[in-house]
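# Observations on the three-dimensional arrangement
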Amino acid sequence: MSNDNVEDKKNVEDELGEAQSSESLTVTPTKMQVFLRIRPNSSSIRCNVENTVYTPEDGTTLLVKPFNGSEASRRPKSSKPHDNAVTKRFRFTKIFEADTSQMCCFDKSVKASVIDFLNNQSSTIISYGTSNSGKSYTLFGTSSEPGIIPRSIDLIFSSLSCTLDPWYKPRRFSSVDRLNDFERTSEISSKDKLLSDRCVDPGQEEAYRTLQDEETNETSDVFQESMFSIWISFVEIYNETIYDLLAVDEEGANLQLKLTIDKRGTFIQGVKYVCVNSGFEAFKVLATGQTRLSTSSAATYKSSRSHSVFTIKLLRHDKDCASSEVQVSR
């Protein structure tokens, strides 16, 4: 292959960084990491043809070869002939090939962000790709191969002790309310009812045991001087409507919510947060929300119009501090 036929594409991370810096931001810009995972080799993911168009050149560079012959039928309809006349290079933070294990994918992409989360730094993890590309498998995994979300939950609860009843509750974008005795009891009762309404899927129990059996690395920080509570929300955006996967309306349907903005930021008004005290409780909340997804029993074409947002908020505080002194990471 001649070097004249190779078009170096600008680093994906640099493009995203430039897009951020060109806007007027009220937060300190940080470098975005972009990972690429080649469609995993898993029985849960259908694979009809061998992909010969995309080839990893090394651990961070992907070669996109020209369409020719039988590959022409797979060329995107929106592309023009000259768009595919040369081989192109795309650079990422790291490329995970099809045989990469779930553990390796988590350890080398998301684990550092989870540890930062434990140290009061917020982050967002987005899984983006076409239908049947392995997004759900990467995020949720299977009973024998748990994905990013179950592994994040396991790491969080293996690092923290959250056995006490909640003293504070997150509200709106980043506000916190102090709970009185009645409110604290109500939150516990609401959680118990939510978890008792749905039986735990045997696969979720097996996934939890799988993670408990795996050898995990302890974080270097010791979280013993503060008190913690962990709150979870789970929503679905389907056809431009937001649905709460942990709350229902009077007719038993997922509660519809609205996006709102205040001086601190954008948030979902009225979303239900559930306080969990253990990794197993968090797994049960996750499983409950998954059963309420519109795509849980739907055809693949629906999944392209559905997006789920699973949020974990960590409240860190002293025993008798004011609400304004509670540290929140999400």
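Because the structure is a prediction, the values reported are computed rather than measured. (Residues numbered from 1 in each chain as written. Predicted model: local features only at pLDDT ≥ 70, side-chain atom pairs only at ≥ 80, totals over all residues. Heavy atoms only, no water.)

### Overview of the overall build of the protein chain
The test is simple: A helix here means a DSSP run of H or I that spans at least four residues, while a strand means a run of E at least two residues long, and both kinds are numbered starting from the N terminus. Exposure is judged per residue with a 1.4 Å probe applied to protein chains only, and the accessible area is read against the type maximum: over 50% gives exposed, under 20% gives buried, and values in between give partly exposed. Contact criterion: two residues are considered in contact whenever any of their non-hydrogen atoms come within 4.5 Å of each other.
If you tally the helices and strands in the protein chain, you get 9 helices and 15 strands. Out of the 330 residues belonging to the protein chain, those deemed buried represent 38%. Within the protein chain, counting contacts between residues at least 6 apart in sequence, those at least 24 apart form 69% of the total.

### Quick word on the packing of helix α3 (residues 111–118) against helix α5 (residues 148–159)
Think of two packed helices as two axes; the pair is described by the angle between the axes and how far apart they sit. Selection rule: Angles run from 0 to 180 degrees between N-to-C directions of axes, and those axes are lines fitted to C-alpha atoms, restricted for helices to the stretch in contact. Should an angle fall under 35 degrees it is called roughly parallel, over 145 degrees roughly antiparallel, and 65 to 115 degrees roughly perpendicular, with every other angle called oblique. Handedness of a crossing follows from how the near helix is turned relative to the far one, being left-handed for an anticlockwise turn of less than a right angle and right-handed for a clockwise one. Gly is put with the polar residues, along with every residue not named as nonpolar or charged; the nonpolar set is Ala, Val, Leu, Ile, Met, Phe, Trp, Tyr, Cys and Pro, and the charged set is Asp, Glu, Lys and Arg.
As a packed pair, α3 and α5 sit with axes 10 Å apart at the nearest point and diverge in direction by 40°. Classified by the angle between their axes, α3 and α5 sit oblique to one another. Where α3 crosses over α5, the handedness of that crossing is right-handed. Only Ser152, Leu155, Ile156 and Ser159 of α5 make contact with α3, whose side of the interface consists of Lys111, Val114, Ile115, Phe117 and Leu118. Its residues assigned to classes, the contact of α3 with α5 comprises 6 nonpolar, 2 polar and 1 charged.

### Regarding the UniProt feature "binding site: ATP" (unreviewed entry) in the protein chain
Where we set the bar: UniProt positions are given in the numbering used here, feature names are shortened, and annotations may be inferred rather than shown by experiment. Pairs of N or O atoms within 3.5 Å make up the polar contacts considered here, provided that, within protein, one atom can donate a hydrogen while the other can accept it, and that residues adjacent in sequence are counted only when both atoms are side-chain atoms.
UniProt's feature table lists "binding site: ATP" (unreviewed entry) at Gly129, Thr130, Ser131, Asn132, Ser133, Gly134, Lys135 and Ser136, given in the numbering used throughout. Structurally, the position occupied by serine 133 is in the loop between α3 and α4 (135–139). A relative accessible area of 21% means that serine 133 is categorised as partly exposed. Residue contacts for serine 133: discarding those within four places in its chain leaves Arg39 and Pro40. Within the local environment of serine 133, its side chain forms a polar contact with the backbone oxygen of threonine 130, the two atoms lying 2.6 Å apart. Summarising the element assignment, lysine 135 is placed in helix α4. Given a relative accessible area of 26%, lysine 135 falls into the partly exposed group. Those residues in contact with lysine 135 that sit more than four places away from it in its chain are Ser127, Tyr128, Gly129 and Thr130. A polar contact of 3.3 Å, which involves the side chain of lysine 135, links it to the backbone oxygen of glycine 129.

### Considerations on the packing of aromatic side chains
We apply this condition: Think of it this way: a Phe, Tyr or Trp ring, Trp meaning its six-membered ring, pairs with another when their centres are within 6.5 Å, and the plane angle makes it stacked under 30 degrees, edge-to-face over 60, tilted otherwise. The criterion is that NZ of a Lys, or CZ of an Arg, lies within 6 Å of the ring centre and within 35 degrees of the ring normal, and then a charge sits over that ring.
Following the criterion strictly, the structure yields 2 aromatic pairs and no others. Aromatic side chains phenylalanine 234 and phenylalanine 310 sit 5.2 Å apart centroid to centroid with 90° between the ring planes, which places their arrangement in the edge-to-face category. Within this pair, whereas phenylalanine 234 is found in strand β9 (residues 227–238), its partner phenylalanine 310 is found in strand β14 (residues 306–317), the two being separated by 76 residues in sequence. Seen from the ring of tryptophan 167, arginine 184 lies directly overhead, with NZ or CZ sitting 4.9 Å from the centre.

### Let's talk about the pairing of strand β11 (residues 254–261)
Heads up, the condition is: At least two DSSP bridges between two strands are needed for those strands to be called paired.
Pairing between strand β10 (residues 241–248) and β11: 4 bridges, direction antiparallel. In the strand pairing of β11, tyrosine 243 is matched with glutamine 256. The pairing of β11 with strand β12 (residues 266–269) spans 4 bridges and is classified as antiparallel. Among the inter-strand pairings, lysine 258 is bridged to a residue of β12, identified as glutamine 269. In this antiparallel pair of consecutive strands, β11 and β12, the connection spans 4 residues, and glycine 265 shows a positive phi of 160°.

### Structural notes on the nonpolar core
How we decide: Nonpolar cores were defined as sets of buried Ala, Val, Leu, Ile, Met, Phe, Trp, Tyr and Cys residues, with membership established by side-chain atoms within 4.5 Å.
In terms of nonpolar packing, the biggest core is built from 35 residues, with Ile153, Ile156 and Ile230 touching the most fellow members. Here this core gets 6 residues from one element, more than from any other, and that element is α5. Filtering out sequence-adjacent residues up to four positions away, isoleucine 156 remains in contact with Val114, Phe117, Leu118, Ile230 and Ile312. By size, the runner-up hydrophobic cluster in this structure holds 14 residues, among which are Tyr168, Val176, Leu179 and Ile242.

### A short note on α5
Each full turn of the α-helix corresponds to 3.6 residues, which orients residues three or four apart in the same direction. Selection rule: Here a helix's expected span is defined as the number of its residues, less one, multiplied by 1.5 Å.
The end-to-end C-alpha separation of α5 is 17 Å, in line with the 16 Å expected for 12 residues at 1.5 Å each. Most of α5 is tucked away, with 11 of its 12 residues classed as buried.

### Overview of the pattern of salt bridges
Defined as follows: Every case where a carboxyl oxygen of Asp or Glu lies within 4 Å of a side-chain nitrogen of Lys or Arg is listed as a salt bridge.
Tallied over the full model, the rule gives 5 salt bridges. Residue arginine 184 is joined to aspartate 181 by a salt bridge in which the shortest nitrogen-to-oxygen separation is 2.8 Å. Here the residue arginine 184 and the residue aspartate 181 both occupy positions in helix α6 (residues 181–197), the gap between them amounting to 3 residues, near one helical turn. The class of aspartate 181 is exposed, set by a relative accessible area of 60%.

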